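These are the residues of each chain, in order.
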Amino acid sequence: MIKDKDSITGSFHFVYIVTLIVGTIIQFSDESEFAVDMSNMNLTHVPGDLPPKTKILDMSQNNISELHLSDMSYLSGLKILRISHNRIWWLDFSIFKFNQDLEYLDLSYNQLRNMSCHLIRSLKHLDLSFNDFHVLPMCKEFGNLTQLQFLGLSATKLRQLDLLPIAHLHLSYILLDLQGYYAKESEKRSLQILDTKTLHLVFHPNQLFSVQANMLVNNLGCLQLTNIKLNNDNCQVLIQFLSELTRGPTLLNFTLQHVKTTWKCLVRIFNFLWPKPVQYLNIYNLTIVESIDKEYIHYPKTALKALKIEHVKNEVFLFSQTALYTIFSEMNIMMLTISDTPFIHMLCPPSSNTFKFLNFTQNVFTDSVFQSCSHLVRLETLILRKNKLKDLYKVGLMTKHMTSLEILDVSVNSLEYDKYDGNCTWVGSIVLLNLSSNILTDSVFRCLPPKVKVLDLHNNRIRSIPKPIMKLEDLQELNVASNSLAHFPDCGTFNRLSVLIIDSNSISNPSADFLQSCHNIRSISAGNNPFQCTCELREFVQSLGQVASKVVEGWPDSYKCDYPENYKGTLLKDFHVSQLSCNTTLLLVTIGVAVLVFTVTVTALCIYFDLPWYLRMVFQWTQTRRRARNTPLEELQRTIQFHAFISYSGHDSAWVKNELVPCLEKEELRICLHERNFIPGKSIVENIINCIEKSYKSIFVLSPNFVQSEWCHYELYFAHHNLFHEGSNNLILILLEPIPQNCIPSKYHKLRALMTQRTYLEWPKEKSKHGLFWANIRAAFNMKLTLIAENNAEAS
Ligand SMILES: *[C@@H]1O[C@H](CO)[C@@H](O)[C@H](O)[C@H]1NC(C)=O
């Protein structure tokens, strides 16, 4: 295994280097199969540095004149050698004695006149045609080439026993080049080839046909003659030549290439071939010369099934068209092809005849062809592609009597259907109609054969598919590619439709309905349309995506956005827009729901969790912290004995003693309580004022009781002292119980003012809120102050 791998890598390197040096090397899948292409490189001799592993060597089209043993001996694996179109004039076959695998040797188009005969037995293909041999280069060693299938030879003379050495071989193909053939007028030779499936004879391209030889061939199935030049005088020479060759019952195919003949001679050849066993007759590149006159022919019973004539040149300018076309229209064969000719017409056969297949591609036929022709009753296929037909109505009319017609191809003409409003006439049997590459518009749907199954309308000028008056119930395949359609067709009209081809139209916003309504669709091809990648397309892409792999041809590569600019070129497969951005109602509903949810949440928070209370408390807490930070120190230089003075009503004393005082004293704050710290003998107001002035902060516990019983002591004092001006942070108001506005007597101006400012702390009923409440109280006394205040107290 490892060794194999090494040799693979080795050969890759080798390929690379050799490519640089000598030209192109093709490596085959089997790593040892080397092909070296050195054709057309002006070589005068075989290069000595070819890769020794070379199996296929192409040195055709060079100037090599000699081959030597040393050129080939090291290429022991050589299988195929092409060295045609060089100048080799002498060859000793023993130079190949070390190429024991050589199977294919092409030496055609050289200047060989002579050769030695040490042939390699492995040869299967040996081509010595188009050389300068005088007589057939045949030696008895050819008889040993038991593998031989193809043999190409050339000669200027044919002698009776020339081919004797290969008489016992069963060949597939003999190519005999007789371009240089010449013979004295009187000489007539017999030549035995005996056994080949195909015989291809090539004559001189410009000389009148003059080969007089009797060739006897066994098992000949296919005869091919190239370069036949005939006039009325030597026509008989060809017929003579063919009489022996066409005798065998096996000859089914006969092909003539590059034939230049008079019309009269061509008709004689038909006459001669008709009773022969030939079934398929092909004539390619036919030139008609001299004149075309009326020829009388009565076609005998024939084995001929098909005549094909392609590429005709007519060098006769004045002649009777009827004389020409009668010969073809009266033929009693099944298949006739006449294509690429200057013929302008074809006649209706005189009586019901045998044509089943007529192919008249690429002529210049007009609408008048086969009009009112009632004798083509067996015709099944009629091809009139690439002619000069103009009127669809007349094409329909033409088919009227062709009661077996199933396939009609009138593509690549100039067909229109606009002039008539009346009903079109079509034979009902048509199942395939090819109307592609014409100039038909929407109106074509008013003029179609009713039972058509396959309809090709691609490359016309259809803008929309109207609902036809008559439904095409049987239509299975519709090709409307390369038109100007903006929409898919309606499947209600074609309910059997299974194949739709609608590429390269103007469909920008296809609707998804189509795919849903066409139940029988097996294949859709809709690529190369200018799709608008917007919301409307979304549904279509989705429905397409579901069936894409099975049904949609060319998906995804041919389906691209054309608009908007920023999506241009994007594959539909990759085009995504969200459901939300496409659906306005959905968008509005979503926004509405979001707003509603938000509102409900906020309301719920307010109702169940007293959000406003929290907000107020937090706001006050932050305010207090900020103020505490900004308080200048000298303000504290005043003689302060207490951190806080607490004033409250006797009714609230339980709360003060159990909740407020313990909490403050836990923070090591010194508190002035009027019943604890009051100096006897002084009036209440004096005591209060004394307390307030010795305290850093004053805390008032507000409740309806407090307002009623205690506040009277303060109202006057506050009115005269600026100590508690608005916004002062020395005053802390705690609202223990709500005080309705109307409970505050109107004389308490100061209290009313303070209450409206809402700078008090509310005592919350819920236990969970107490933490925040105390945090607010604590924030009013910061630690820094505590230290200074204590120091002051110690010092005093
Ligand atoms: C119709 O004719 C065009 C051109 O002549 C050919 O390419 C096409 O395949 C034909 N369509 C059918 C359905 O045979």
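- Identification of the protein chain as Toll-like receptor 6 from Vulpes vulpes is taken from an unreviewed UniProt entry.
- Within the UniProt record for the protein chain, the comment given under Sequence similarities (unreviewed entry) is "Belongs to the Toll-like receptor family."
- In UniProt, the protein chain has this text filed under Subcellular location (unreviewed entry): "Membrane".

**Some details on unusual backbone geometry**
Okay, so step 1: Residue P556 is bonded to the preceding W555 through a cis peptide linkage, with omega at 0 degrees.
Okay, so step 2: Position of P556 among the secondary structure elements: in the loop between α8 (535-551) and β27 (561-563).
Okay, so step 3: The backbone of N227 shows a phi angle near 70 degrees, a positive value even though the residue is not glycine.
Okay, so step 4: Position of N227 relative to the elements: it lies in strand β13 (residues 222-229).
Okay, so step 5: A positive phi angle is found at H258, which is not glycine, with a value near 55 degrees.
Okay, so step 6: Looking at the element boundaries, H258 is found in strand β14 (residues 253-262).

**Comments concerning the site of the ligand**
Okay, so step 1: Lining the immediate surroundings of the ligand are R385, S411, V412, N434, S436 and D456.
Okay, so step 2: A distance of 2.3 Å separates an oxygen atom of the ligand from a polar atom in the side chain of N434.
Okay, so step 3: A distance of 2.7 Å separates a nitrogen atom of the ligand from a polar atom in the side chain of D456.
Okay, so step 4: For the ligand, whose unbound accessible area comes to 360 Å², protein coverage reaches 57%.
Okay, so step 5: Within the shell around the ligand, the residues separate by chemical class into one nonpolar, three polar and two charged.

**Thoughts on the pattern of salt bridges**
Okay, so step 1: Tallied over the full model, the rule gives eight salt bridges.
Okay, so step 2: For the salt bridge of K124 with E103, the shortest nitrogen-to-oxygen distance reads 3.8 Å. Here K124, found in the loop between β7 (114-116) and β8 (125-127), pairs with E103, found in the loop between β5 (90-92) and β6 (104-106); they are 21 residues apart in sequence, far enough to count as distant.
Okay, so step 3: A relative accessible area of 27% places E103 in the partly exposed class.
Okay, so step 4: Between D574 and K573 there is a salt bridge whose closest N-O contact spans 3.6 Å.
Okay, so step 5: Judged by relative accessible area, which is 41%, D574 ranks as partly exposed.
Okay, so step 6: Residue K573 is classed as partly exposed on the basis of its relative accessible area of 39%.

**Here's the deal with the pairing of strand β15 (residues 280-289)**
Okay, so step 1: Counting buried residues in β15 gives eight out of ten residues, a clear majority hidden from the surface.
Okay, so step 2: Relative to β15, β14 runs parallel, the two sharing nine bridges. The residue of β15 that forms the bridge with T262 is V289.
Okay, so step 3: Traced from β14 through helix α4 (residues 263-273) to β15, the parallel crossover comes out right-handed.
Okay, so step 4: Here β15 pairs with strand β16 (residues 306-314) via eight bridges, running parallel. Counterpart to Y284 in the pairing with β16 is E310.

**Side note on the pairing of strand β3 (residues 54-58)**
Successive residues of a regular strand alternate their side chains across the two faces of the sheet.
Okay, so step 1: Judged by how many residues are buried, β3 sits mostly within the fold: five of five residues are covered.
Okay, so step 2: Where β3 meets strand β4 (residues 80-82), three bridges bridge the pair, whose relative direction is parallel. Bridge assignment links L57 to a residue of β4, and that residue is L81.

**A look at the state of the cysteines**
Note: disulfide means a covalent bond formed between the sulfur atoms of two cysteine side chains.
Okay, so step 1: Summed over the entire model, instances satisfying the criterion amount to five disulfides.
Okay, so step 2: Residue pairing for C235: its cysteine sulfur links by disulfide to C265, the two sulfurs lying 2.0 Å apart. Around the S-S axis, the bridge from C235 to C265 shows a dihedral of about 90 degrees and counts as right-handed. With C235 in helix α3 (residues 235-245) and C265 in helix α4, this pair connects stretches of sequence that are 30 residues apart. Pair check on accessibility: C235 and C265 agree, each one buried.
Okay, so step 3: Each sulfur in the disulfide pair C348 and C373 lies 2.0 Å from the other.

**Description of the side chain of T262**
Okay, so step 1: By the secondary structure assignment, T262 is in strand β14.
Okay, so step 2: The exposure class of T262 is buried, given its relative accessible area of 2%.
Okay, so step 3: A distance of 2.5 Å separates polar atoms of two side chains, one belonging to T262 and the other to N232.

**What to know about empty space enclosed by the protein**
Okay, so step 1: The full count for this structure, using the stated rule, is eight cavities of 30 Å³ or more.
Okay, so step 2: In this structure, the largest cavity encloses a volume near 90 Å³.
Okay, so step 3: In terms of lining, the largest cavity is formed by L178, Q179, Y181, F203, H204, Q207, L208, F209, S210, V211, N227 and K229.
Okay, so step 4: Looking at the lining of the largest cavity residue by residue, the class counts come to six nonpolar, five polar and one charged.

**Here's the deal with the confidence of the model for the protein chain**
Okay, so step 1: Averaged over all residues, the pLDDT of the protein chain equals 84, while 88% of them reach at least 70.
Okay, so step 2: Across residues 1-29 the pLDDT falls below 50, and counting only partners more than four positions away or on other chains, this stretch makes 34 contacts in the model.
Okay, so step 3: Long-range and interchain partners of residues 786-796, a stretch whose pLDDT sits below 50, account for eight contacts in this model, where long-range means more than four residues apart.

**Comments concerning the UniProt feature "transmembrane region" (unreviewed entry) in the protein chain**
Okay, so step 1: Mapped onto the present numbering, the UniProt feature "transmembrane region" (unreviewed entry) falls on residues 12-29 and 586-609.
Okay, so step 2: In residues 586-609, helix accounts for 100% and strand for 0%; the two terminal C-alpha atoms are 33 Å from one another.

**So, the layout of surface pockets**
Remark: the empty space left among the atoms is shown by a probe the size of a water molecule rolled over them.
Okay, so step 1: Taken as a whole, the second largest pocket spans an internal volume of roughly 270 Å³.
Okay, so step 2: If you trace the second largest pocket, you find 14 residues lining it, with H258, V259, K260, N285 and T287 closest to the centre.
Okay, so step 3: Counting only elements with at least two residues in the lining of the second largest pocket, the list comes to β13, β14, β15 and β16.

**A word on the packing of α3 against α4**
Okay, so step 1: Where α3 meets α4, the closest approach of the two axes is 10 Å, and the angle between their N-to-C directions is 20 degrees. With respect to their mutual orientation, α3 and α4 come out roughly parallel. Our pair here, α3 against α4, has a crossing hand that is right-handed. Here α3 contributes C235, Q236, L238, I239, L242 and S243 to the contact with α4, which in turn contributes C265, R268, I269 and F272.
Okay, so step 2: Counted by class, the contact of α3 with α4 contains seven nonpolar, two polar and one charged residues.

**What about the packing of aromatic side chains?**
Okay, so step 1: A full pass over the atoms with the stated rule returns 25 aromatic pairs.
Okay, so step 2: Here F150 and Y173 contribute two aromatic rings whose centre-to-centre distance is 5.2 Å and whose plane-to-plane angle is 25 degrees, an arrangement assigned as stacked. A residue pair is termed long-range when its members are at least 10 positions apart, and F150 in strand β9 (residues 150-154) and Y173 in strand β10 (residues 171-177) qualify at 23 residues.
Okay, so step 3: Residue F150 is classed as buried on the basis of its relative accessible area, which comes to 14%.
Okay, so step 4: Every member of this aromatic cluster is reached through a ring pair, and the members are F488, F531, F540, W555 and Y559.

**Side note on α3**
Okay, so step 1: Within α3, eight of the eleven residues are buried, which leaves it mostly tucked inside the rest of the structure.
Okay, so step 2: Looking at α3, one finds that the buried residues are C235, V237, L238, I239, F241, L242, E244 and L245.
Okay, so step 3: The inward-facing, buried residues of α3 contact β11 (189-202), β12 (213-218), β13, β14 and α4.

How each quantity is defined
Residues numbered from 1 in each chain as written. Predicted model: local features only at pLDDT ≥ 70, side-chain atom pairs only at ≥ 80, totals over all residues. Heavy atoms only, no water. UniProt positions renumbered as here; feature names shortened; annotations may be inferred. Helix = DSSP H or I, 4+ residues; strand = E, 2+ residues; numbered from the N terminus. Near = heavy atom within 4 Å. Polar contact = N/O pair within 3.5 Å; in protein donor to acceptor, adjacent residues only side chain to side chain. Areas by Shrake-Rupley, 256 points an atom, 1.4 Å probe, with all protein chains shown as cover. Nonpolar A, V, L, I, M, F, W, Y, C, P; charged D, E, K, R; others polar. Salt bridge = Lys/Arg side-chain N within 4 Å of Asp/Glu carboxyl O. Buried < 20%, exposed > 50% of the residue type's maximum accessible area, 1.4 Å probe, protein only. Pairing = 2+ DSSP bridges. Right-handed = clockwise from strand over helix to strand, strands pointing away. Disulfide = S-S within 2.5 Å. 1 Å grid on protein atoms, 1.4 Å probe; cavity = no way out; pocket = protein on both sides within 12 Å on 5 of 7 lines; lining within 4 Å. Points joined across faces, edges and corners; volume = space filled by probe spheres on them. pLDDT = per-residue confidence, 0-100. Contact = heavy atoms within 4.5 Å. Axes fitted to C-alpha atoms, helices over the stretch in contact; angles between N-to-C directions. Parallel < 35°, antiparallel > 145°, perpendicular 65-115°, else oblique. Left-handed = near helix turned anticlockwise from the far one by under 90°. Phe/Tyr/Trp six-rings, centres within 6.5 Å; stacked < 30°, edge-to-face > 60°.

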